[in-house]
Amino acid sequence: MKKMKWLIICLLSSLMFLTACGTKTTETTNEPSKEPAKEEVLTIWTYFSGNEKDQFQKLVDKFAADNGVKVNAEYFAFGDYKKQISTAMTADSLPDIIMLDNPDFAAYASMDVFLDITDRMKAWDATPNYFEGPLKSAVYDGKNYGIPITSNCLALFYNQDMLDKAGLSVPTTWDELTASAAKLSSKDVYGFAVGSPKNEEATFQFLPWMLSAGGSYDKLDSPETIKAVALWTDLIKSGSMSKETINWGQGDAQKQFSAGKVAMFVGGPWMVSAIQTEAPDMKWGVATLPVDVKAASVLGGENIGIVAKTKNPDLAWKFLEAVGDANNMKEFIGSTGYFPPRADVAKDDIWTQDPIKKVFAEQMASAMPRGPHAKWPEISEAIFTALQESLSGAKEPEAACKDAQAKVEPLLK
(Lines give C-alpha, C1' and ligand atoms only; values in the text may rest on other atoms or scores of the structure.)
Protein backbone atom coordinates (compact mmCIF):
# COMPACT_ATOMS: atom_id res chain seq x y z
CA MET A 1 0.00 0.00 0.00
CA LYS A 2 2.83 2.31 0.95
CA LYS A 3 4.52 1.45 -2.35
CA MET A 4 1.35 2.38 -4.23
CA LYS A 5 1.10 5.80 -2.47
CA TRP A 6 4.77 6.47 -3.20
CA LEU A 7 4.26 5.62 -6.86
CA ILE A 8 1.27 7.99 -7.12
CA ILE A 9 3.23 10.82 -5.47
CA CYS A 10 6.14 10.37 -7.95
CA LEU A 11 3.76 10.32 -10.90
CA LEU A 12 2.03 13.54 -9.81
CA SER A 13 5.38 15.26 -9.24
CA SER A 14 6.50 14.34 -12.74
CA LEU A 15 3.31 15.72 -14.30
CA MET A 16 3.71 18.97 -12.37
CA PHE A 17 7.32 19.31 -13.59
CA LEU A 18 6.38 18.70 -17.22
CA THR A 19 3.51 21.18 -17.01
CA ALA A 20 5.82 23.80 -15.55
CA CYS A 21 8.40 23.21 -18.32
CA GLY A 22 5.69 23.43 -20.96
CA THR A 23 4.52 26.76 -19.64
CA LYS A 24 8.06 28.14 -19.61
CA THR A 25 8.64 27.00 -23.21
CA THR A 26 5.46 28.70 -24.40
CA GLU A 27 6.47 32.00 -22.78
CA THR A 28 9.90 31.89 -24.47
CA THR A 29 8.56 31.31 -28.03
CA ASN A 30 6.08 34.18 -27.63
CA GLU A 31 8.93 36.70 -27.25
CA PRO A 32 9.71 38.78 -30.39
CA SER A 33 12.67 37.59 -32.57
CA LYS A 34 15.87 39.57 -32.22
CA GLU A 35 17.83 38.58 -35.41
CA PRO A 36 20.73 40.87 -36.30
CA ALA A 37 20.18 43.25 -39.23
CA LYS A 38 21.58 41.96 -42.53
CA GLU A 39 24.57 43.88 -43.93
CA GLU A 40 24.17 45.32 -47.42
CA VAL A 41 26.57 43.64 -49.83
CA LEU A 42 27.46 44.55 -53.40
CA THR A 43 29.42 42.23 -55.72
CA ILE A 44 31.27 43.56 -58.75
CA TRP A 45 33.02 41.63 -61.55
CA THR A 46 35.84 43.09 -63.64
CA TYR A 47 38.88 41.89 -65.59
CA PHE A 48 41.18 44.67 -64.39
CA SER A 49 44.66 43.48 -63.50
CA GLY A 50 47.92 44.95 -62.27
CA ASN A 51 47.84 48.68 -61.56
CA GLU A 52 44.29 49.04 -62.92
CA LYS A 53 43.12 46.45 -60.37
CA ASP A 54 44.86 48.27 -57.53
CA GLN A 55 43.40 51.64 -58.47
CA PHE A 56 39.91 50.24 -58.95
CA GLN A 57 40.09 48.53 -55.56
CA LYS A 58 40.89 51.90 -53.99
CA LEU A 59 37.71 53.29 -55.52
CA VAL A 60 35.74 50.28 -54.24
CA ASP A 61 37.14 50.59 -50.72
CA LYS A 62 36.37 54.31 -50.63
CA PHE A 63 32.76 53.71 -51.68
CA ALA A 64 32.33 50.98 -49.07
CA ALA A 65 33.71 53.18 -46.32
CA ASP A 66 31.69 56.26 -47.34
CA ASN A 67 28.42 54.30 -47.44
CA GLY A 68 28.98 51.82 -44.62
CA VAL A 69 28.44 48.78 -46.84
CA LYS A 70 30.44 45.75 -47.91
CA VAL A 71 31.60 45.62 -51.53
CA ASN A 72 33.23 42.54 -53.03
CA ALA A 73 35.20 43.23 -56.21
CA GLU A 74 36.13 40.00 -57.99
CA TYR A 75 38.80 40.03 -60.70
CA PHE A 76 38.99 37.53 -63.57
CA ALA A 77 41.43 36.85 -66.38
CA PHE A 78 40.28 38.57 -69.57
CA GLY A 79 40.49 35.38 -71.62
CA ASP A 80 38.11 33.53 -69.29
CA TYR A 81 35.81 36.41 -68.49
CA LYS A 82 32.98 35.87 -70.98
CA LYS A 83 32.93 32.15 -70.18
CA GLN A 84 32.58 33.01 -66.49
CA ILE A 85 29.64 35.30 -67.24
CA SER A 86 27.95 32.68 -69.43
CA THR A 87 28.30 30.06 -66.69
CA ALA A 88 26.83 32.45 -64.12
CA MET A 89 23.93 33.29 -66.45
CA THR A 90 23.07 29.60 -66.74
CA ALA A 91 23.29 29.10 -62.97
CA ASP A 92 21.42 32.36 -62.28
CA SER A 93 24.34 33.49 -60.11
CA LEU A 94 25.43 36.78 -61.67
CA PRO A 95 26.85 39.51 -59.42
CA ASP A 96 25.25 42.93 -58.92
CA ILE A 97 27.52 44.81 -61.33
CA ILE A 98 29.51 43.71 -64.38
CA MET A 99 32.23 45.49 -66.37
CA LEU A 100 32.62 44.70 -70.08
CA ASP A 101 34.69 45.71 -73.08
CA ASN A 102 32.43 48.30 -74.71
CA PRO A 103 31.83 46.48 -78.05
CA ASP A 104 30.48 43.49 -76.08
CA PHE A 105 27.99 45.53 -74.08
CA ALA A 106 25.12 45.52 -76.57
CA ALA A 107 25.24 41.73 -76.92
CA TYR A 108 24.64 41.22 -73.20
CA ALA A 109 22.07 44.01 -73.03
CA SER A 110 20.12 42.22 -75.78
CA MET A 111 20.03 39.11 -73.55
CA ASP A 112 18.43 41.12 -70.71
CA VAL A 113 21.51 40.84 -68.51
CA PHE A 114 21.50 44.53 -67.58
CA LEU A 115 19.02 46.76 -65.79
CA ASP A 116 17.45 49.56 -67.82
CA ILE A 117 18.78 52.78 -66.23
CA THR A 118 17.42 55.23 -68.81
CA ASP A 119 15.32 57.19 -66.29
CA ARG A 120 18.19 57.35 -63.81
CA MET A 121 20.52 58.61 -66.55
CA LYS A 122 18.06 61.33 -67.55
CA ALA A 123 17.85 62.54 -63.96
CA TRP A 124 21.62 62.36 -63.33
CA ASP A 125 23.30 65.75 -63.65
CA ALA A 126 26.57 64.14 -64.84
CA THR A 127 25.06 62.61 -68.00
CA PRO A 128 25.47 65.73 -70.23
CA ASN A 129 29.19 65.81 -69.40
CA TYR A 130 30.01 62.52 -71.17
CA PHE A 131 31.50 62.37 -74.65
CA GLU A 132 28.96 61.21 -77.24
CA GLY A 133 30.89 58.10 -78.32
CA PRO A 134 31.51 56.57 -74.87
CA LEU A 135 27.95 57.26 -73.75
CA LYS A 136 26.51 55.77 -76.94
CA SER A 137 28.49 52.56 -76.39
CA ALA A 138 26.33 51.74 -73.35
CA VAL A 139 23.05 52.26 -75.23
CA TYR A 140 21.08 49.42 -76.79
CA ASP A 141 17.77 49.75 -78.63
CA GLY A 142 17.53 53.37 -77.52
CA LYS A 143 17.89 52.62 -73.80
CA ASN A 144 20.75 53.17 -71.36
CA TYR A 145 22.12 50.04 -69.70
CA GLY A 146 25.38 51.31 -68.24
CA ILE A 147 28.04 54.01 -68.15
CA PRO A 148 31.56 54.14 -69.59
CA ILE A 149 34.25 53.72 -66.96
CA THR A 150 37.37 54.00 -69.15
CA SER A 151 37.96 55.23 -72.69
CA ASN A 152 40.65 55.43 -75.34
CA CYS A 153 40.90 56.12 -79.04
CA LEU A 154 43.37 55.99 -81.92
CA ALA A 155 45.56 58.76 -83.33
CA LEU A 156 48.59 59.15 -85.61
CA PHE A 157 52.11 58.63 -84.21
CA TYR A 158 54.95 60.10 -86.29
CA ASN A 159 58.75 60.21 -86.27
CA GLN A 160 59.57 63.93 -86.31
CA ASP A 161 63.18 63.42 -87.40
CA MET A 162 62.09 61.42 -90.45
CA LEU A 163 59.50 64.02 -91.42
CA ASP A 164 62.03 66.84 -91.03
CA LYS A 165 64.64 65.01 -93.10
CA ALA A 166 62.09 64.49 -95.90
CA GLY A 167 60.90 68.11 -95.66
CA LEU A 168 57.36 67.02 -94.74
CA SER A 169 54.69 68.23 -92.38
CA VAL A 170 52.39 65.90 -90.48
CA PRO A 171 49.70 64.75 -92.96
CA THR A 172 46.18 65.95 -92.24
CA THR A 173 44.31 64.44 -95.22
CA TRP A 174 44.29 61.06 -96.97
CA ASP A 175 46.00 62.52 -100.02
CA GLU A 176 48.75 64.00 -97.86
CA LEU A 177 49.14 60.69 -96.02
CA THR A 178 49.53 58.76 -99.27
CA ALA A 179 52.11 61.20 -100.63
CA SER A 180 54.06 61.42 -97.35
CA ALA A 181 54.07 57.65 -96.79
CA ALA A 182 55.52 57.12 -100.27
CA LYS A 183 58.25 59.73 -99.75
CA LEU A 184 59.17 58.33 -96.32
CA SER A 185 59.45 54.75 -97.55
CA SER A 186 62.80 53.21 -98.45
CA LYS A 187 64.53 49.85 -98.47
CA ASP A 188 64.69 49.80 -94.66
CA VAL A 189 61.69 51.93 -93.67
CA TYR A 190 57.95 51.82 -94.35
CA GLY A 191 56.23 55.17 -94.43
CA PHE A 192 53.08 53.99 -92.67
CA ALA A 193 51.80 51.07 -90.57
CA VAL A 194 48.58 49.76 -89.08
CA GLY A 195 47.72 46.55 -87.27
CA SER A 196 45.47 44.32 -89.35
CA PRO A 197 45.55 40.70 -88.09
CA LYS A 198 42.63 38.36 -88.54
CA ASN A 199 40.80 39.47 -85.39
CA GLU A 200 39.05 42.39 -83.68
CA GLU A 201 42.24 44.48 -83.67
CA ALA A 202 41.97 44.93 -87.44
CA THR A 203 38.38 46.13 -87.19
CA PHE A 204 39.35 48.49 -84.38
CA GLN A 205 42.15 49.97 -86.50
CA PHE A 206 40.03 50.20 -89.66
CA LEU A 207 36.86 51.84 -88.36
CA PRO A 208 38.31 55.40 -88.18
CA TRP A 209 39.05 55.25 -91.89
CA MET A 210 35.65 53.85 -92.80
CA LEU A 211 33.91 56.48 -90.67
CA SER A 212 36.09 59.30 -92.01
CA ALA A 213 35.06 58.38 -95.56
CA GLY A 214 31.39 58.42 -94.53
CA GLY A 215 30.92 54.65 -94.38
CA SER A 216 29.13 52.56 -91.75
CA TYR A 217 29.23 48.98 -90.47
CA ASP A 218 25.75 48.20 -91.80
CA LYS A 219 26.64 49.15 -95.39
CA LEU A 220 29.98 47.50 -95.99
CA ASP A 221 29.48 47.49 -99.76
CA SER A 222 29.05 51.28 -99.94
CA PRO A 223 31.48 53.34 -102.09
CA GLU A 224 32.72 55.00 -98.89
CA THR A 225 33.74 51.76 -97.19
CA ILE A 226 35.25 50.39 -100.41
CA LYS A 227 37.30 53.60 -100.67
CA ALA A 228 38.70 53.05 -97.15
CA VAL A 229 39.66 49.44 -97.87
CA ALA A 230 41.24 50.54 -101.14
CA LEU A 231 43.33 53.16 -99.30
CA TRP A 232 45.03 50.51 -97.18
CA THR A 233 45.34 48.09 -100.09
CA ASP A 234 46.98 50.70 -102.31
CA LEU A 235 49.45 51.64 -99.56
CA ILE A 236 50.63 48.01 -99.52
CA LYS A 237 50.75 47.78 -103.31
CA SER A 238 52.88 50.94 -103.48
CA GLY A 239 55.32 49.67 -100.86
CA SER A 240 54.36 52.33 -98.31
CA MET A 241 53.02 49.65 -95.96
CA SER A 242 54.45 46.21 -95.30
CA LYS A 243 52.84 43.11 -96.78
CA GLU A 244 53.15 41.74 -93.23
CA THR A 245 50.36 44.11 -92.19
CA ILE A 246 47.90 41.19 -92.29
CA ASN A 247 49.98 39.51 -89.58
CA TRP A 248 50.88 42.55 -87.49
CA GLY A 249 48.91 43.40 -84.37
CA GLN A 250 48.78 46.94 -83.00
CA GLY A 251 51.72 46.18 -80.74
CA ASP A 252 53.79 44.97 -83.69
CA ALA A 253 53.24 48.24 -85.55
CA GLN A 254 54.32 50.15 -82.43
CA LYS A 255 57.49 48.08 -82.04
CA GLN A 256 58.40 48.66 -85.71
CA PHE A 257 57.98 52.39 -85.06
CA SER A 258 60.11 52.28 -81.90
CA ALA A 259 62.81 50.41 -83.84
CA GLY A 260 62.91 53.15 -86.49
CA LYS A 261 61.55 50.89 -89.22
CA VAL A 262 58.23 52.74 -89.60
CA ALA A 263 57.81 56.52 -89.96
CA MET A 264 54.12 56.78 -89.00
CA PHE A 265 51.61 54.40 -87.45
CA VAL A 266 48.16 54.31 -85.89
CA GLY A 267 48.08 53.70 -82.13
CA GLY A 268 46.52 54.50 -78.79
CA PRO A 269 47.56 56.29 -75.58
CA TRP A 270 48.50 53.00 -73.89
CA MET A 271 51.50 52.79 -76.28
CA VAL A 272 53.14 56.02 -75.13
CA SER A 273 55.11 54.54 -72.24
CA ALA A 274 56.39 51.68 -74.43
CA ILE A 275 57.79 54.11 -77.01
CA GLN A 276 59.40 56.24 -74.31
CA THR A 277 61.08 53.13 -72.90
CA GLU A 278 62.08 51.48 -76.19
CA ALA A 279 63.14 54.64 -78.05
CA PRO A 280 64.28 57.18 -75.43
CA ASP A 281 66.27 59.23 -77.95
CA MET A 282 63.64 59.36 -80.70
CA LYS A 283 62.00 62.68 -81.49
CA TRP A 284 58.37 61.84 -82.10
CA GLY A 285 54.85 63.17 -81.71
CA VAL A 286 51.12 62.40 -81.97
CA ALA A 287 48.54 64.05 -84.23
CA THR A 288 44.88 63.54 -85.01
CA LEU A 289 44.21 61.02 -87.79
CA PRO A 290 44.24 62.23 -91.40
CA VAL A 291 40.76 63.14 -92.62
CA ASP A 292 38.85 62.24 -95.78
CA VAL A 293 35.31 63.61 -95.46
CA LYS A 294 35.19 64.14 -91.67
CA ALA A 295 37.29 63.68 -88.54
CA ALA A 296 36.89 60.24 -87.01
CA SER A 297 38.38 57.77 -84.59
CA VAL A 298 37.25 54.59 -82.87
CA LEU A 299 36.34 54.11 -79.25
CA GLY A 300 38.05 51.66 -76.94
CA GLY A 301 37.49 51.15 -73.24
CA GLU A 302 35.10 49.58 -70.76
CA ASN A 303 31.50 50.02 -69.63
CA ILE A 304 29.94 49.08 -66.32
CA GLY A 305 26.31 48.08 -65.83
CA ILE A 306 23.88 46.88 -63.16
CA VAL A 307 22.66 43.29 -63.47
CA ALA A 308 18.89 43.15 -64.00
CA LYS A 309 18.32 40.66 -61.18
CA THR A 310 20.31 42.51 -58.53
CA LYS A 311 18.68 42.71 -55.08
CA ASN A 312 20.29 46.11 -54.51
CA PRO A 313 19.47 48.30 -57.54
CA ASP A 314 19.62 51.57 -55.60
CA LEU A 315 22.96 50.77 -53.99
CA ALA A 316 24.32 49.54 -57.33
CA TRP A 317 23.25 52.79 -59.02
CA LYS A 318 24.92 54.72 -56.22
CA PHE A 319 28.16 52.90 -57.07
CA LEU A 320 27.81 53.84 -60.75
CA GLU A 321 27.36 57.45 -59.68
CA ALA A 322 30.55 57.17 -57.63
CA VAL A 323 32.44 55.71 -60.61
CA GLY A 324 31.21 58.59 -62.75
CA ASP A 325 31.96 61.28 -60.17
CA ALA A 326 34.37 63.83 -61.67
CA ASN A 327 36.87 63.71 -58.81
CA ASN A 328 36.85 59.91 -58.56
CA MET A 329 37.24 59.62 -62.32
CA LYS A 330 40.12 62.06 -62.38
CA GLU A 331 41.97 60.09 -59.70
CA PHE A 332 41.31 56.66 -61.24
CA ILE A 333 41.96 57.62 -64.86
CA GLY A 334 44.98 59.73 -63.96
CA SER A 335 46.57 56.75 -62.20
CA THR A 336 45.96 54.18 -64.95
CA GLY A 337 46.81 55.83 -68.28
CA TYR A 338 43.27 55.55 -69.64
CA PHE A 339 41.34 58.49 -71.02
CA PRO A 340 38.32 60.04 -69.24
CA PRO A 341 34.92 59.39 -70.88
CA ARG A 342 33.71 62.74 -69.46
CA ALA A 343 34.49 65.83 -71.54
CA ASP A 344 34.65 68.13 -68.51
CA VAL A 345 37.23 65.89 -66.79
CA ALA A 346 39.25 65.80 -70.01
CA LYS A 347 39.64 69.60 -69.74
CA ASP A 348 41.73 69.22 -66.61
CA ASP A 349 45.38 70.30 -66.83
CA ILE A 350 46.66 66.72 -66.87
CA TRP A 351 45.04 66.22 -70.30
CA THR A 352 45.28 69.75 -71.72
CA GLN A 353 48.88 70.65 -70.82
CA ASP A 354 50.59 67.42 -71.88
CA PRO A 355 51.15 67.68 -75.68
CA ILE A 356 50.37 63.97 -76.28
CA LYS A 357 47.33 63.67 -74.01
CA LYS A 358 46.03 66.93 -75.51
CA VAL A 359 45.89 65.34 -78.97
CA PHE A 360 43.99 62.30 -77.72
CA ALA A 361 41.56 64.65 -75.93
CA GLU A 362 40.88 66.38 -79.25
CA GLN A 363 40.58 63.06 -81.10
CA MET A 364 38.21 61.73 -78.45
CA ALA A 365 35.51 64.14 -79.60
CA SER A 366 35.18 62.17 -82.87
CA ALA A 367 35.68 58.67 -81.42
CA MET A 368 32.69 56.45 -82.16
CA PRO A 369 31.85 53.03 -80.66
CA ARG A 370 32.03 49.73 -82.52
CA GLY A 371 28.37 49.14 -83.33
CA PRO A 372 26.72 49.15 -80.90
CA HIS A 373 25.06 45.94 -82.06
CA ALA A 374 24.13 42.66 -80.39
CA LYS A 375 25.84 40.75 -83.22
CA TRP A 376 29.02 42.83 -83.22
CA PRO A 377 31.47 39.88 -83.01
CA GLU A 378 30.03 38.42 -86.24
CA ILE A 379 29.92 41.83 -87.92
CA SER A 380 33.51 42.49 -86.92
CA GLU A 381 34.58 39.14 -88.34
CA ALA A 382 33.07 40.06 -91.70
CA ILE A 383 35.02 43.32 -91.65
CA PHE A 384 38.44 41.94 -90.73
CA THR A 385 37.98 39.03 -93.17
CA ALA A 386 37.32 41.52 -95.98
CA LEU A 387 40.48 43.39 -95.00
CA GLN A 388 42.53 40.19 -95.04
CA GLU A 389 41.21 39.30 -98.48
CA SER A 390 41.90 42.72 -99.96
CA LEU A 391 45.25 43.44 -98.29
CA SER A 392 46.60 40.01 -99.26
CA GLY A 393 45.49 40.46 -102.86
CA ALA A 394 43.06 37.54 -102.75
CA LYS A 395 40.19 39.85 -103.75
CA GLU A 396 39.75 43.37 -105.05
CA PRO A 397 38.45 45.85 -102.43
CA GLU A 398 34.99 46.04 -104.00
CA ALA A 399 34.54 42.26 -104.15
CA ALA A 400 35.77 41.81 -100.58
CA CYS A 401 33.36 44.47 -99.30
CA LYS A 402 30.38 43.06 -101.18
CA ASP A 403 31.05 39.60 -99.78
CA ALA A 404 31.31 41.11 -96.30
CA GLN A 405 27.96 42.84 -96.70
CA ALA A 406 26.36 39.56 -97.75
CA LYS A 407 27.52 38.07 -94.45
CA VAL A 408 26.35 41.05 -92.40
CA GLU A 409 22.93 41.53 -94.02
CA PRO A 410 21.19 38.63 -92.19
CA LEU A 411 22.65 39.80 -88.87
CA LEU A 412 21.05 43.20 -89.21
CA LYS A 413 17.48 41.89 -89.45
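Residues numbered from 1 in each chain as written. Predicted model: local features only at pLDDT ≥ 70, side-chain atom pairs only at ≥ 80, totals over all residues. Heavy atoms only, no water.

Another point: helix H2 (residues 50-67). With 18 residues, H2 extends 26 Å between its outermost C-alpha atoms, agreeing within 8% with the 26 Å of an ideal straight helix rising 1.5 Å per residue. Every buried residue of H2 is listed here: Gln55, Phe56, Leu59, Val60, Phe63 and Ala64. If you follow the buried residues of H2, they end up packed against strand E1 (41-46), strand E2 (70-75), strand E6 (147-152), helix H13 (313-324) and helix H14 (326-334). A positive backbone phi angle near 65° is found at Gly68, which sits one or two residues after H2. (Helix = DSSP H or I, 4+ residues; strand = E, 2+ residues; numbered from the N terminus. Expected span 1.5 Å × (residues − 1). Buried < 20%, exposed > 50% of the residue type's maximum accessible area, 1.4 Å probe, protein only. Contact = heavy atoms within 4.5 Å.)

Let's shift gears to the layout of surface pockets. Counted as a void, the largest pocket has a volume near 710 Å³. Along the wall of the largest pocket there are 23 residues; nearest its centre are Asp101, Asn152, Gln250, Trp270 and Glu302. Those elements that place two or more of their residues in the lining of the largest pocket are helix H9 (200-213), helix H11 (250-258) and strand E11 (300-306). Size it by volume and the second largest pocket reaches roughly 350 Å³. Surrounding the second largest pocket, 16 residues form its lining, Asp92, Leu94, Val307, Lys309 and Thr310 being those nearest its centre. Class assignment for the residues of the lining of the second largest pocket results in eight nonpolar, three polar and five charged. (1 Å grid on protein atoms, 1.4 Å probe; cavity = no way out; pocket = protein on both sides within 12 Å on 5 of 7 lines; lining within 4 Å. Points joined across faces, edges and corners; volume = space filled by probe spheres on them. Nonpolar A, V, L, I, M, F, W, Y, C, P; charged D, E, K, R; others polar.)

Okay, helix H10 (residues 223-237) next. Here H10 is 15 residues long and its end C-alpha atoms lie 20 Å apart, about the 21 Å a rise of 1.5 Å per residue gives. Taken together, the buried positions of H10 are occupied by Thr225, Ile226, Ala228, Val229, Leu231, Trp232, Thr233, Leu235 and Ile236. Residues of H10 that are buried in the fold lie against helix H8 (174-184), H9, helix H17 (376-391) and helix H18 (397-408).

Counted under the stated rule, the structure contains 25 aromatic pairs. Taking the centre distance of 6.3 Å and the plane angle of 80° together, the rings of Phe56 and Phe319 count as edge-to-face. In this pair, Phe56 is assigned in helix H2 and Phe319 in helix H13, connecting sequence segments 263 residues apart. There is no split in this pair, since Phe56 and Phe319 are both buried. (Phe/Tyr/Trp six-rings, centres within 6.5 Å; stacked < 30°, edge-to-face > 60°.)

Counting through the fold element by element, Ser151 comes out in strand E6. The class for Ser151 is buried, based on a relative accessible area of 1%. Each C-alpha atom of the pair Ser151 and Ser216 lies 21 Å from the other, and the pair is 65 residues apart in sequence.

Moving on, we get to the side chain of Gln388. Relative to the helices and strands, Gln388 is located in helix H17. Gln388 sits in the buried class, given a relative accessible area of 15%. Ignoring anything within four residues of it in the chain, the contact list for Gln388 reads Ser196, Pro197, Lys198 and Ile246.

The next thing to look at is the sheet that holds strand E7 (residues 155-159). Reading across the sheet, the three strands line up as E8-E7-E9 and stay open at both edges, with antiparallel pairing between neighbours. Only two strands of the sheet have a single neighbouring strand rather than two, namely strand E8 (264-267) and strand E9 (284-287). Across the sheet, the mean angle from the axis of one strand to that of its neighbour is 30°, orientation sign disregarded. As paired strands, E7 and E9 are joined by four bridges and run antiparallel to one another. Note on E9: the bridge partner recorded for Phe157 is Val286. (Pairing = 2+ DSSP bridges. Axes fitted to C-alpha atoms, helices over the stretch in contact; angles between N-to-C directions.)

Attention shifts here to the sheet that holds E11. Read from one edge of the open sheet, five strands run E2-E1-E3-E11-E6, paired in mixed fashion. The open sheet is flanked by E2 and E6, the only strands paired with a single partner. Recorded for the sheet is a direction-independent mean angle of 15° between the axes of neighbouring strands. Where E1 lies against E2, six bridges are found, and the strand directions are parallel. Bridge pairing in E2 links Thr46 to Tyr75.

All right, on to the environment of Leu320 then. Relative to the helices and strands, Leu320 resides in helix H13. As a C-alpha pair, Leu320 and Ile149 span 171 residues in sequence and 8.9 Å in three-dimensional space. Ignoring anything within four residues of it in the chain, the contact list for Leu320 reads Ile97, Ile117, Trp124, Ile147, Ile304 and Ile306.

The next thing to look at is the environment of Lys358. Structurally, Lys358 is set in helix H16 (residues 355-364). For the pair Lys358 and Ser185, spaced 173 residues apart in the sequence, the C-alpha separation amounts to 29 Å. Among all residues touching Lys358, those that are not within four sequence positions of it are Trp351 and Thr352.

So, on to the pattern of salt bridges. For side chains bearing opposite charge, pairing can occur when the charged atoms are close. This model, assessed by the stated rule, comprises 12 salt bridges. The shortest N-O distance in the salt bridge between Glu389 and Lys395 comes to 3.4 Å. The closest approach of N and O atoms between Asp403 and Lys395, which form a salt bridge, is 2.5 Å. Residue classification places Lys395 among the partly exposed positions, given a relative accessible area of 27%. (Salt bridge = Lys/Arg side-chain N within 4 Å of Asp/Glu carboxyl O.)

Right, let's get into unusual backbone geometry. Cis geometry is found at the peptide bond from Gly371 to Pro372, where omega equals -10°. In this structure, Pro372 sits in the loop between strand E12 (367-368) and H17. Its identity is not glycine, yet Asp92 carries a phi of approximately 55°, on the positive side. Locating Asp92 in the fold gives a position in the loop between helix H3 (78-91) and strand E3 (97-101). Its identity is not glycine, yet Asp141 carries a phi of approximately 55°, on the positive side. Of note, Asp141 is situated in the loop between strand E4 (139-140) and strand E5 (143-144). Relative accessible area serves as the criterion here: at 65%, Asp141 is assigned to the exposed category.

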